[in-house]
Amino acid sequence: MSLQLPIALAVTFALGFSPNVSTARAQQKSLTPDQRQVVDTVNTIFSAVGAEDIAKLDSVIAPDFYIFANGMRFNGDALMTAIKALHAAGKRNNERVTEPDIHISGNTAWIAYVNKGSTTDASGTVDQNWLESAFLEKQAGTWKIVFMHSTRVPMATQENQRK
């Protein structure tokens with residue numbers, strides 16, 4: 001069983017210091033404050049797992065959170081366990097929300113986006129994209145991720161899109 005998860009599960013550095021953040025933020029200038037908070041919440045899950053910071057992860061996920069990734073279901077604890085195993089194996093992911101499509105109705109929101117990033121291990125770095133979505137609820141004024149789904153875009157498909 002491969003533990004390589006197709007979601008930003010291992011960010012090598014905090015998103016706030018990523019050179020890609022300015023590009024991602026430029027793409028999102030037309031977002032409303034709530035839409036920006038939704039994007040920031042999803043990006044926070046990426047930085048939390050990259051830093052193996054369970055408190056940070058818990059700050060953006062609902063108590064009943066789960067994700068479908070790599071053909072499996074993970075809750076927050078299982079997700080962090082899988083990430084720690086990836087890190088121990090020398091694998092890191094650097095990922096971010098791009099092309100967000102956000103819909104908000106009251107205290108619920110859903111977002112679909114292209115997660116553009118890379119996977120790094122001893123053999124080098126490979127660019128990778130995932131098609132992802134999340135459902136969020138606003139709880140006590142803060143967006144919390146209830147559910148996520150991630151599908152890795154096959155490398156052959158990515159190569160064809162570049163041509």
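Residue numbers here run from 1 along each chain, matching the order of that chain's written sequence. Only residues with pLDDT of at least 70 are given local features in this predicted model, and only at 80 or more are side-chain atom pairs given and counted; all residues enter the totals for whole chains, interfaces and linings. Derived side-chain values reflect all non-hydrogen atoms in the structure, with water molecules and hydrogen atoms excluded from consideration.

Participant: What exactly am I supposed to notice about the pattern of salt bridges here?
Facilitator: Think of it this way: side chains of opposite charge can pair up when their charged atoms draw near. In the sections that follow, a salt bridge refers to a side-chain nitrogen of Lys or Arg positioned within 4 Å of a carboxyl oxygen of Asp or Glu. Scanning the model with the defined rule gives two salt bridges in all. Among the ionic pairs, Asp 34 bridges to Lys 138, the shortest N-O distance being 2.9 Å. A residue pair is termed long-range when its members are at least 10 positions apart, and Asp 34 in helix α2 (residues 33–50) and Lys 138 in strand β5 (residues 124–139) qualify at 104 residues. When a residue's accessible area, from a 1.4 Å probe over protein chains only, is under 20% of the maximum for its type it is buried; when over 50% it is exposed; and in between it is partly exposed. Exposure remark for Lys 138: the relative accessible area of 24% places this residue in the partly exposed category. Only DSSP runs of H or I reaching four residues or more are called helices, and only runs of E reaching two or more are called strands; each is numbered from the N terminus.

Participant: Sorry if this is basic, but what is going on with the layout of surface pockets here?
Facilitator: In this approach, a probe sized like a water molecule rolls over the atoms, and the result shows the empty space that is left. Volume-wise, the second largest pocket comes out at about 160 Å³. Here a cavity denotes grid points, spaced 1 Å and computed from the protein atoms alone, that fit a 1.4 Å probe unable to get out, and a pocket denotes an open set having protein on both sides within 12 Å along at least 5 of 7 lines; residues with an atom within 4 Å of a point are the lining. Together, 10 residues line the second largest pocket, and Arg 96, Lys 116, Gly 117, Asp 127 and Asn 129 are the ones closest to its centre. Of all the elements in the fold, those that place two or more residues in the lining of the second largest pocket are β3 (92–105), β4 (108–121) and β5. Classification used: nonpolar for Ala, Val, Leu, Ile, Met, Phe, Trp, Tyr, Cys and Pro, charged for Asp, Glu, Lys and Arg, polar for all others including Gly. Partitioned by chemical class, the residues of the lining of the second largest pocket number no nonpolar, six polar and four charged. Grid points are joined across faces, edges and corners, and a volume is the space filled by probe spheres set on the points.

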